[in-house]
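Close look at the chain arrangement
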Amino acid sequence: MRHLLSLSDLGRDGLIKLLDSADKYKKLRQSPEGSQPLVGKSIALVFEKASTRTRLSLEVAVVEMGGHPVVITSVGSQIARGEPIADTARVLSRMVHAIAFRTSGVERLTDMVKYSSVPVLNALTDQSHPMQLLADLQTVRAHFGRLDDLKYAWVGDGNNMATSWLEAAGLLGLTLILACPEGYEPPIEQVNQARALGAEVHVVRDPREAVRDAHVVSTDVFASMGQEAEHRDRLDAFNGFIVSRDLLTNAHSEHRVLHCLPAHRGEEIEAEVLDGPNSAVWDQAEARLHTSKAALAWALGFDA
Ligand code: CP
Ligand code: NVA
């Protein structure tokens, strides 16, 4: 059975194939018939944390592929009353053909997989966000026509997005420079793993150093979901890490800025950057739809 828990579940070739499939789904959307491999199939979308894009893209993807999405949020289901994930997984597996799951700790995702008899897709945990990376990579390919021979910069927290970028860098042999304040770096094991796989990875303190000549500059919120109580302290720690027009004067002249969204204008990114000519964030958000379709097709064994 194919679970999509991390990008490494795809492998390098599988990742490229999935991006090709996402490009096909993007084109297919312009033809009225589309492709409906999910007719007669139901997909559970289980959210223990808030979501706009992930829910929207998966729900629309399932509908456009002819299937039926069932959205379950912890509020309003028995999850909030403490029903174990193991029991939820067993019941879902009796009725649906795949499960996308957004949760906090990776151990809850592992439980879902352990007790599920249908494919599970990781729709974000505190540790990773692989489905977002699929969209980010599709967007980079759309703007640059390639993924290699580019310099990638990450500015901000070494969070679930940063670790998924490390995973992508490892699989694809990318050059990735991360600027993070002390104490907010991604786990060293994941940095080393990306290096061992052939990525060129540097973790630096100065955002200007990370962004210098970079083609792709990515950032994310300073306080992720679940870290709201740390917000004030984090604002201090991340002082100087805003992706600003000034910072981007160091980047490659043809650079693109990515942000998985939601964004806090004026905090981790200037409004003029997010809404500016080098921002690819709306294409990136749209790519969630095409890549969600490709991910579902991969997990369920259909071709685009
Ligand atoms: N980028 C992303 O995953 O957005 P949502 O939290 O709105 O799903
Ligand atoms: N790092 C953010 C990503 C949101 C899509 C979070 O986990 O809240």
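Relevant structure appears above.
Residues numbered from 1 in each chain as written. Chains lettered and ligands numbered in written order. Predicted model: local features only at pLDDT ≥ 70, side-chain atom pairs only at ≥ 80, totals over all residues. Heavy atoms only, no water.

Turning our eyes to something else, we now look at helix α2 (residues 53-64). Quick reminder: α-helices carry 3.6 residues per turn. Residues three or four places apart thus point the same way. For α2, which comprises twelve residues, the first-to-last C-alpha distance of 16 Å matches the rise-based estimate of 16 Å (1.5 Å per residue) to within 8%. Residues of α2 that are buried: Arg53, Thr54, Ser57, Leu58, Ala61 and Val62. Projected down its long axis, α2 shows its buried positions confined to an angular sector of 145°, all on one face. Those residues of α2 hidden inside the fold are in contact with β1 (42-47), β2 (68-73), β3 (98-102), α5 (130-144) and α12 (281-300). (Helix = DSSP H or I, 4+ residues; strand = E, 2+ residues; numbered from the N terminus. Expected span 1.5 Å × (residues − 1). Buried < 20%, exposed > 50% of the residue type's maximum accessible area, 1.4 Å probe, protein only. Arc of directions from axis to C-beta. Contact = heavy atoms within 4.5 Å.)

It is worth spelling out the pairing of strand β6 (residues 175-179) at this point. Most of β6 is tucked away: four of the five residues are buried. Relative to β6, strand β5 (residues 151-155) runs parallel, the two sharing five bridges. Along β6, the bridge assignment pairs tyrosine 152 with leucine 176. Crossover β5 to β6 through helix α6 (residues 160-172) is right-handed. Where β6 meets strand β7 (residues 200-204), five bridges bridge the pair, whose relative direction is parallel. The residue bridging leucine 176 from the neighbouring strand is valine 201, located in β7. At this point the chain moves from β6, through helix α7 (residues 188-196), to the parallel β7, and the crossover so formed is right-handed. (Pairing = 2+ DSSP bridges. Right-handed = clockwise from strand over helix to strand, strands pointing away.)

Our next topic: the site of ligand 1. Near ligand 1, the surroundings consist of Ser51, Thr52, Arg53, Thr54, Arg102, His129, Gln132, Cys260, Leu261 and Arg288. Contact distances for ligand 1 include 2.7 Å between an oxygen atom and a backbone N or O atom of threonine 52. Measuring from a nitrogen atom of ligand 1, one finds a side-chain N or O atom of glutamine 132 at 2.9 Å. Bound to the protein, ligand 1 loses 95% of the 260 Å² it would expose on its own. Across the shell around ligand 1, the residue classes tally to two nonpolar, five polar and three charged. (Near = heavy atom within 4 Å. Polar contact = N/O pair within 3.5 Å; in protein donor to acceptor, adjacent residues only side chain to side chain. Areas by Shrake-Rupley, 256 points an atom, 1.4 Å probe, with all protein chains shown as cover. Nonpolar A, V, L, I, M, F, W, Y, C, P; charged D, E, K, R; others polar.)

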